[in-house]
Amino acid sequence: MQAAGHNSQRISEPNKNLYWLMLASWMLAALLPSSLRSQDASTTPRPMPAQPIEWVGEIRSAKDVTGKGSWFKRLLKAVIGLDDRQKNLLLPHGVCVDRQGRLLVADTKARVVHIFDAAKRRYGRLEGPRSEPLAAPIAVATDAEGRIYVSDAVHSRIFVFRRDGKFLRTVGGLGKQESIFKRATGLAVDSQRSRLYVVDTVAMYVVALTLDGKVLRRIGQPGGGPGEFNYPTHIAVDRDGSLWVTDSLNFRVQHLDEQGNFLAAFGRLGDGAGEFDKAKGIALDEHGQVYVVEGRNDRVQVFDSSGGLRFVFGVTGSGPGEFFLPTGITVDRENRIYVADSYNRRVQIFRYRAEGAPLTPSGASAPSGGH
């Protein structure tokens with residue numbers, strides 16, 4: 001992993017407001033105005049508040065897992081024109097960790113899914129078939145067989161790949177320019193029940209499908225009542241098959257049962273504790289905690305399964321533990337938390353410390369090649 005010494009990019013406050021206005025109608029981040037200004041990030045980790053979270057490291061490019069390579073290899077790449085910049089994160093959005101421990105990152109601007117395999121020090125990428133390559137990957141998930149599912153907001157369908165990256169099929173397509181989705185965004189796989197859930201942000205409902213693409217039901221409708229949505233964005237599946245959905249412009253998280261029946265909701269508009277402004281990614285850990293990313297407030301809030309706030313981490317910035325328009329989030333089996341820090345062009349990695357476990361100093365870097 002690399003330390004945080006780098007040049008990051010910033011958007012002025014008016015453009016940040018414009019970003020979220022356009023996001024509400026799901027205009028892609030890749031098409032947003034690019035009036036950016038550069039600032040130098042601090043190389044010294046800033047202290048994080050006392051909480052059960054430690055900063056582990058970050059990933060910005062393939063070099064963070066493969067190493068820089070030999071001098072001769074770097075020279076050879078330069079001579080034959082291979083460009084390592086294609087392996088950099090440009091606008092990471094969705095993240096997941098598969099059963100092999102590989103980190104998959106949907107990069108909307110690069111139009112690829114990066115695959116970082118730290119254990120084997122390897123890097124790969126998914127681009128889709130030549131006839132219809134990925135245009136705007138938003139979310140990524142895997143099933144028990146290792147198949148990879150990628151939502152594409154421009155094509156409005158789901159691309160499915162084998163574990164080794166070979167393209168298999170798309171889900172949701174009715175024709176070359178038609179789809180059952182208006183805007184496929186967040187997605188989640190329930191491997192135990194062989195279900196695929198896709199958030200259709202523009203249609204304002206969730207589509208439940210079999211893993212081979214058969215539609216089972218559509219969950220929700222536009223509105224602000226129980227079980228209704230106002231531009232939902234992301235989804236997570238609990239162990240019991242229930243669903244957690246970020247209902248972005250209703251400024252809440254909704255909890256639904258496996259059939260889509262309303263169970264509970266929490267949150268309201270604001271920037272205080274337990275409040276939301278443009279909730280984005282959502283994830284669950286083995287302790288039953290619900291992690292919710294707030295892009296506008298540059299933080300992650302963590303709740304218990306009843307909606308009680310446990311703790312918050314993250315502030316606006318570009319140093320360790322700081323965010324600028326974060327989006328996706330996932331938690332692996334080792335309690336490592338991966339957050340797509342979109343406009344800082346990186347994925348930050350944290351570790352949750354269960355009660356009673358020792359906490360290493362904030363900002364301690366992960367071992368080279370490790371998550």
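To be clear, the structure that these remarks concern was listed above.
Parameters and conventions
Residues numbered from 1 in each chain as written. Predicted model: local features only at pLDDT ≥ 70, side-chain atom pairs only at ≥ 80, totals over all residues. Heavy atoms only, no water. Helix = DSSP H or I, 4+ residues; strand = E, 2+ residues; numbered from the N terminus. Buried < 20%, exposed > 50% of the residue type's maximum accessible area, 1.4 Å probe, protein only. Contact = heavy atoms within 4.5 Å. Areas by Shrake-Rupley, 256 points an atom, 1.4 Å probe, with all protein chains shown as cover. Pairing = 2+ DSSP bridges. Axes fitted to C-alpha atoms, helices over the stretch in contact; angles between N-to-C directions. Core = buried A, V, L, I, M, F, W, Y, C linked by side-chain atoms within 4.5 Å. Salt bridge = Lys/Arg side-chain N within 4 Å of Asp/Glu carboxyl O. Polar contact = N/O pair within 3.5 Å; in protein donor to acceptor, adjacent residues only side chain to side chain.

**Remarks on the overall build of the protein**
Summing up its helical and strand segments, the protein has three helices and 30 strands in all. Across the 371 residues of the protein, 55% fall into the buried class. Contacts in the protein between residues far apart in sequence, at least 24 positions, make up 51% of those at least 6 positions apart. With the model as given, the accessible surface of the protein reaches about 15,900 Å², and the carbon-plus-sulfur share is 48%.

**Some thoughts on the sheet that holds strand 14 (residues 184-190)**
Strand order in the open sheet formed by four strands is 14-15-16-17, with antiparallel pairing between adjacent strands. The open sheet has two free edges, formed respectively by strand 14 and strand 17 (215-219), since each of these has just one partner strand. Ignoring strand direction, the axes of neighbouring strands in this sheet form an average angle of 20°. One ladder, built from five bridges, connects strand 14 with strand 15 (residues 195-200); its direction is antiparallel. Each bridged residue has a counterpart across the sheet, and for Asp190 the counterpart in strand 15 is Arg195.

**Some thoughts on the nonpolar core**
Core analysis: the largest hydrophobic core is formed by 20 residues, its most contacted members being Tyr149, Ile158, Phe181, Leu187, Leu196, Val198 and Leu209. If you list the elements that add at least two residues to this core, you get strand 8 (137-142), strand 10 (157-161), strand 14, strand 15 and strand 16 (205-210). What Tyr149 contacts, discounting residues up to four positions off in sequence, is Ala139, Val140, Ala141, Thr142, Asp143, Ile158, Phe159, Val160, Leu187, Val189, Leu196 and Leu211. Counting residues in each nonpolar core, the second largest holds 16 residues, with Trp55, Val293, Ile337 and Tyr352 among its members.

**Re the environment of Ala340**
Locating Ala340 in the fold gives a position in strand 29 (residues 336-341). For Ala340, a relative accessible area of 0% translates into the label buried. Taking C-alpha positions, Ala340 is 8.0 Å from Val105, a pair spaced 235 residues apart along the chain.

**Topic: the environment of Ala203**
Here Ala203 is to be found in the loop between strand 15 and strand 16. In this structure the C-alpha to C-alpha distance between Ala203 and Pro222, which are 19 residues apart in sequence, comes to 7.6 Å. The residues contacting Ala203, other than those within four sequence positions of it, are Lys182 and Pro222.

**Notes on the pattern of salt bridges**
Under the defined criterion, the tally for this structure stands at 16 salt bridges. Asp332 serves as the salt-bridge partner of Arg336, at 2.9 Å between the closest nitrogen and oxygen. With respect to class, Arg336 is no different from Asp332; both count as buried. Through salt bridges that share partners, Glu58, Arg60, Asp341 and Arg346 make up one connected network.

**Some remarks on the sheet that holds strand 28 (residues 326-331)**
What links the strands of a sheet is backbone hydrogen bonding, and the strands pair in either a parallel or an antiparallel sense. Taken in spatial order, the four strands make up an open sheet running 3-30-29-28, and their pairing is antiparallel. Looking at strand neighbours, the two that pair on one side only are strand 3 (53-59) and strand 28, the edges of this open sheet. Neighbouring strand axes in the sheet, compared pairwise and without regard to direction, differ in orientation by 25° on average. Two strands pair when backbone bridges link them, and strand 29 and strand 30 (residues 346-352) are joined in this way by six bridges, in the antiparallel orientation. Bridge pairing in strand 30 places Arg336 opposite Arg351.

**Let's talk about the side chain of Gln289**
Here Gln289 lies in the loop between strand 22 (279-284) and strand 23 (290-294). For Gln289, the side chain forms a polar contact with the side chain of Asp285, separated by 2.7 Å. Of note is the side chain of Gln289, whose polar atom sits 2.4 Å from the side chain of Arg310.

**Points about the pairing of strand 7 (residues 122-126)**
Bridge count between strand 6 (residues 112-117) and strand 7: five bridges; the pairing is antiparallel. Bridge pairing in strand 7 places Asp117 opposite Arg122. Linking strand 6 to strand 7, which pair antiparallel, is a turn of four residues; within it Arg121 sits at a positive phi near 55°.

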